[in-house]
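Observations on the model geometry
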Amino acid sequence: MTPSASRMPYDGIVVAAPVTIPYRRYSINSAHWWIGRAIRGVLERSGLRSRDLDGLSVSSFTLGADTAVGLTQHFGLSPRWLDHVPLGGASGIVALRRASRAVQCGDAEFVVCVAGDTNQVDSFRAMISTFSRFAQDAVYPYGSGGPNASFAMIMRNYMQRYGPTRADFGKIAVAQRANALSFPYALMKQPLTLEAYLASRPIAEPIHLFDCVMPCAGAEAFLVCRDDRARDLGLPAARLLSTIERYNAFAEDAIQERGGWPVDVGELYAMAGIGPEQVDFLETYDDYPVISMIQMEDLGFCAKGEGAAFVRGHTLTNDGSFPHNTSGGQLSVGQAGCAGGYLGLVEAVRQLTGAALGTPVPEARIGLVSGFGMITYDRGLASGAALLAGID
Amino acid sequence: MTPPLAPPKRKDPLTKTRAPLLPPGARSRTAKGLAAAAAEGRFALQVCAECGAVIYPPRDACPRCLSPRLPFRDVPRDGVLLAETVIAASSDPYFRERLPWRIGTVRLDAGPSIVTHLHGDVREGDRVRLSLNLDKGGQAVAMALPTMPMLHMADDRQWRELTCDPKFRRVLVTDGRGRVGQAMAQALSQAEAAIVFVGIADSWKPFPGEAALRAIARVEIVPLDLTDTVSVGDLAGEIGGRVDIVVNTAEHVRPGGMLERTGLVVAREAIELRYFGLMRLAQSFGPALRARGADGVNSAAAFVNLLSVHALMNWPAYGVFSSAEAACLSAAQSLRAELRPGGIKVVNVFSGPLDTEWYETVPPPKVTPSALAAATVDALRRGLEDVYVGDVAEDVRARLAVNPKALERELGP
């Protein structure tokens, strides 16, 4: 793939003020409460005031009747640029792409991108039963296993086709747990062994308990602005090098074996002027380990079908080789709805700005973050990725 | 291979009867097009009228050419089971009670991939045959079956959720005096019904075929007069809690329209036996059926109406009869909605003229009582809701679908 000649580089665009509101398994608070806290966190971190925020991008599944516009009044904001990106696991990448162009073009100066969802008793069931028209018509009536059942078939097909074992997926989950043990906000605080992973109870074969994320409440946010503005504020920031986004790719595949990344990944690296070997750490969207393995392939770290061998060849830990999901990812931190699509991005900005909350990745200069989401029928429709770099 | 179903044990009266939960029932209006095919045992998906693409899940625009013209058409139902899973954790109460539950993804030869229920005899990589069926809530679902018949195939646990198989169930045939009722009792007994209660009014009056009827295995003659509310209520009081399938075989076929006779005697008789008879059965047996829709292997399953296809469009040669049948069809539609919360199917079996005495002047083709009974058992085994038996019934249904007004004119002299 060659980069599209017409794509303008993201010169001067940075991401700053990474904020995570510590997750909780269940919350009696609303999504508004979580999102409000995250925006306040960005203000506190950046020293900006509410009236300085002239751009707002919101991602959430549990706002009820509200969209981003209702939140401006709720939070007393008066932005001149507004976006609503309820794209699940792709929310962070997509929000970043749009916000960056808005800032670059001068439509907004300071865009706060925020994702947050609450998790109340029974709200997960309510969400998955009506997640999409296709899910309602053609998936939920078949055992109501939710995404576990859908990804079980994707994983099963992938295992048959390319031969990885459960232990290969277990390696990913176990390494992430190791990373999570130093991350203060992870809901899963117990070490995970491969034996425990393999012995855990089946949820939807071949998916077992530790292949699944725990739905929870939480919020994540970051600030997008120009590098000079961040410097004026004394804000550590990460530069945006390149991004890609793709929907409903490879619709002809009978079962999903790849996301949309292979369509555009050449452009991702070409636009950044680097190759996969220069990436210091990877944050994948890990609603299931199989999806992380597919991302390692589709993002060019190894060839299709070689994900298992690649995983076997690395520790995947922050202090080892090929650090992956450095905060523990959703598998260990929890999945706070759309915030799950922000988690890797916010963590990458922390790692690149020397602000890691847990074990830092040594000399982390370039991070790749990818997003994936919206399994409305039998496959995830949205894929995206971004390359970010620290500022020396 | 499916393990054969074990006959249910005698029920402990102290145990709670499992509440008849229903699977998730929300569907888009477009997706309900699948139910029309499932009700008749057809396999139909949307086929783009412009580019021919076969489409699933149901859509409102073709994903290949954006055409809005997407009629449901019968399509080849075979494919390959690409991947399966066994759901061990479900968020829905109906499925939670029935775990583990197998589903899979089937790539149809016709094109699309379908997430589907799996029969126990199909395995990953197998060629499979898809069936569209109405689930307990009356919504269409797909299930992958073996392409060849297998031993005890109908006993599969997930398949039996979609069917009303008479095997090990207790059936009430409401009228055994006629050949239809007798053929029905024979067919249900052969289908391994646990008991076939056969209603006989005025049992002191002998009738042709009585000895043969009494000789059928597991037939139990019970007193039942559908024109008598007390009689129907008394029988329900005695056996209502252990009748799983009701098959109403009462007939009142008389030639003639409204002008051929003076007075209302014949019409009143027809309404009394057929329409009020149906209502009496519904009121006496319906509540218990509805409460027992999830009561194990011999859960309550179905209420079967044998209707003339001329319930759908009046045949003036049998005009009064046709209009009484139409009244029964309308009542059956109400009953279908009323029994749905219990997961009970109302099966309407439409036939043309039968090969019986009241149709003696009508030329063939005619439907024999045994063909009607076989079609009824087949419908129960396949979980159908609307069945058309014989050439006349098929002809009327086809003409009705194309041009109802032309059919009305064609049925008259």
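Residues numbered from 1 in each chain as written. Chains lettered and ligands numbered in written order. Predicted model: local features only at pLDDT ≥ 70, side-chain atom pairs only at ≥ 80, totals over all residues. Heavy atoms only, no water.

**Quick word on the overall build of chain A**
Within chain A one finds 14 helices and 11 strands. In terms of overall size, chain A behaves like a compact globule, its C-alpha atoms giving a radius of gyration of 19 Å where 392 residues would be expected to give roughly 21 Å. On the principal axes, the C-alpha backbone points of chain A span a range of 55 × 45 × 40 Å. Expressed as a percentage of its 392 residues, the buried residues of chain A come to 63%. (Helix = DSSP H or I, 4+ residues; strand = E, 2+ residues; numbered from the N terminus. Rg over C-alpha atoms; globule rule 2.2 N^0.38 Å. Buried < 20%, exposed > 50% of the residue type's maximum accessible area, 1.4 Å probe, protein only.)

**Structural notes on the overall build of chain B**
Scanning chain B for helices and strands turns up 11 helices and 15 strands. With the C-alpha coordinates of chain B rotated into their principal frame, the extents come out at 65 × 55 × 35 Å. Split into buried and exposed, the 413 residues of chain B put 54% on the buried side. Considering only residue pairs separated by 6 or more positions, chain B has 68% of its internal contacts joining residues 24 or more positions apart. (Contact = heavy atoms within 4.5 Å.)

**Details of the side chain of Arg-350 of chain A**
Residue and element names in this part refer to chain A. Following the sequence through the fold, Arg-350 ends up in helix H14 (residues 343-352). A residue is classified by how much of its surface remains accessible, and Arg-350, at 4% relative accessible area, is buried. Excluding residues that lie within four positions of it along the chain, Arg-350 makes contacts with Pro-18, Val-19, Thr-20, Phe-183, Ala-355, Ala-356 and Leu-357.

**Quick notes on unusual backbone geometry**
Following Glu-205 of chain A, the chain continues into Pro-206 of chain A via a peptide bond in cis, with omega recorded as 0 degrees. With omega at -5 degrees, the peptide bond leading from Tyr-56 of chain B into Pro-57 of chain B counts as cis. Positive phi outside glycine occurs at Asn-325 of chain A, with the angle close to 50 degrees. Along the chain, Asn-325 of chain A falls in the loop between helix H12 (307-312) and helix H13 (329-333). The phi angle at Met-374 of chain A is positive, at roughly 65 degrees, despite the residue not being glycine. As for its position among the elements, Met-374 of chain A is in strand E10 (residues 366-375).

**Quick word on a negative patch on the surface**
A contiguous patch of negative charge on the surface is contributed by Glu-220, Asp-228, Asp-234 and Glu-238 of chain B. Examined against the element boundaries, Glu-238 of chain B turns out to sit in helix H6 (residues 229-239). (Patch = residues over 30% accessible without salt bridge, like charges linked within 9 Å, V, L, I, M, F, W, Y side chains within 5 Å. Areas by Shrake-Rupley, 256 points an atom, 1.4 Å probe, with all protein chains shown as cover. Salt bridge = Lys/Arg side-chain N within 4 Å of Asp/Glu carboxyl O. Lys, Arg positive; Asp, Glu negative; His and termini not counted. Charge placed at Lys NZ, Arg CZ, Asp CG, Glu CD.)

**Things to note about the domain arrangement of chain A**
Residue and element names in this part refer to chain A. The domains assigned to chain A are domain 1 (13-122 + 217-233) and domain 2 (132-213 + 242-333 + 355-383). Between domain 1 and domain 2 the total buried area reaches about 1300 Å² when both faces are included, carbon and sulfur atoms providing 68% of it. Along the contact surface separating domain 1 from domain 2 lie 1 salt bridge. Between Glu-245 and Arg-97 there is a salt bridge whose closest N-O contact spans 2.4 Å. Taken together, domain 1 and domain 2 are joined by 3 residue pairs in polar contact (both at pLDDT 80 or more). When contributions to the side of domain 1 that touches domain 2 are tallied by element, the ones reaching two or more residues are strand E1 (13-24) and helix H3 (91-104). (Domains from an automatic or database assignment. Buried area = accessible area lost by both parts, 1.4 Å probe. Polar contact = N/O pair within 3.5 Å; in protein donor to acceptor, adjacent residues only side chain to side chain.)

**A few points about the nonpolar core**
Core analysis: the biggest nonpolar cluster contains 95 residues, and Tyr-269, Leu-299, Phe-301, Leu-368 and Leu-387 of chain A together with Ile-114 of chain B have the highest contact counts within it. No other element matches helix H6 (residues 146-162) of chain A, which puts 8 residues into this core. Setting aside chain neighbours within four positions, we find Leu-387 of chain A in contact with Arg-239, Leu-240, Leu-241, Ser-242, Leu-268, Tyr-269, Ala-272, Ile-274, Val-279, Ile-366, Gly-367 and Leu-368 of chain A. If you look at the next biggest cluster of nonpolar residues, it comprises 82 residues, including Phe-207, Leu-281, Val-346 and Val-362 of chain B. (Core = buried A, V, L, I, M, F, W, Y, C linked by side-chain atoms within 4.5 Å.)

**A short note on the environment of Thr-376 of chain A**
All names here are of chain A. Inspection of the secondary structure assignment puts Thr-376 in the loop between E10 and strand E11 (380-390). Measuring from C-alpha to C-alpha, the distance between Thr-376 and Gln-136 comes to 9.0 Å, with 240 residues separating the pair along the chain. Residues in contact with Thr-376, not counting those within four places in the same chain, are Ser-132, Phe-134, Ala-135 and Leu-381.

**Things to note about the environment of Val-387 of chain B**
Residues and elements named next belong to chain B. When you line up the elements, Val-387 lands in strand E15 (residues 386-389). Put simply, Val-387 and Ser-351 are 36 residues apart on the chain and 8.3 Å apart in space, counted from C-alpha to C-alpha. Look past the residues within four positions of Val-387 in its chain and what remains in contact with it is Val-347, Asn-348, Val-349, Phe-350, Ala-375 and Ala-379.

**Remarks on the sheet that holds E1 of chain A**
Hydrogen bonds between backbone atoms are what pair the strands of a sheet, whose relative direction is either parallel or antiparallel. All names here are of chain A. Taken in spatial order, the 9 strands line up as E3-E2-E4-E7-E1-E8-E11-E10-E9 in an open sheet, and their pairing is mixed. A strand with exactly one partner marks an edge of an open sheet, and here the two such strands are strand E3 (81-84) and strand E9 (281-283). On average, each strand axis in the sheet is tilted by 20 degrees relative to the strand beside it, whichever way the strands run. Relative to E10, E9 runs parallel, the two being bridged by 3 bridges. Pairing of Leu-282 across the sheet is with Leu-368, part of E10. Along the sheet face, helix H2 (residues 68-75) touches strand E2 (55-59) and E3 and points at about 125 degrees away from the line of E3. Across the sheet, H3 touches E1, E2, E3, strand E4 (111-117), strand E7 (217-226), strand E8 (237-247), E10 and E11, and the angle it forms with E7 is around 25 degrees. (Pairing = 2+ DSSP bridges. Axes fitted to C-alpha atoms, helices over the stretch in contact; angles between N-to-C directions.)

**Let's talk about the packing of aromatic side chains**
As enumerated under the stated definition, the model contains 20 aromatic pairs over all chains in all. A centroid spacing of 5.0 Å and a plane angle of 85 degrees characterise the contact between Tyr-94 of chain B and Phe-95 of chain B, whose relative ring orientation is edge-to-face. A relative accessible area of 1% means that Phe-95 of chain B is categorised as buried. Pairwise contacts between aromatic rings join Phe-151, Trp-261, Tyr-288 and Phe-372 of chain A into one cluster. (Phe/Tyr/Trp six-rings, centres within 6.5 Å; stacked < 30°, edge-to-face > 60°.)

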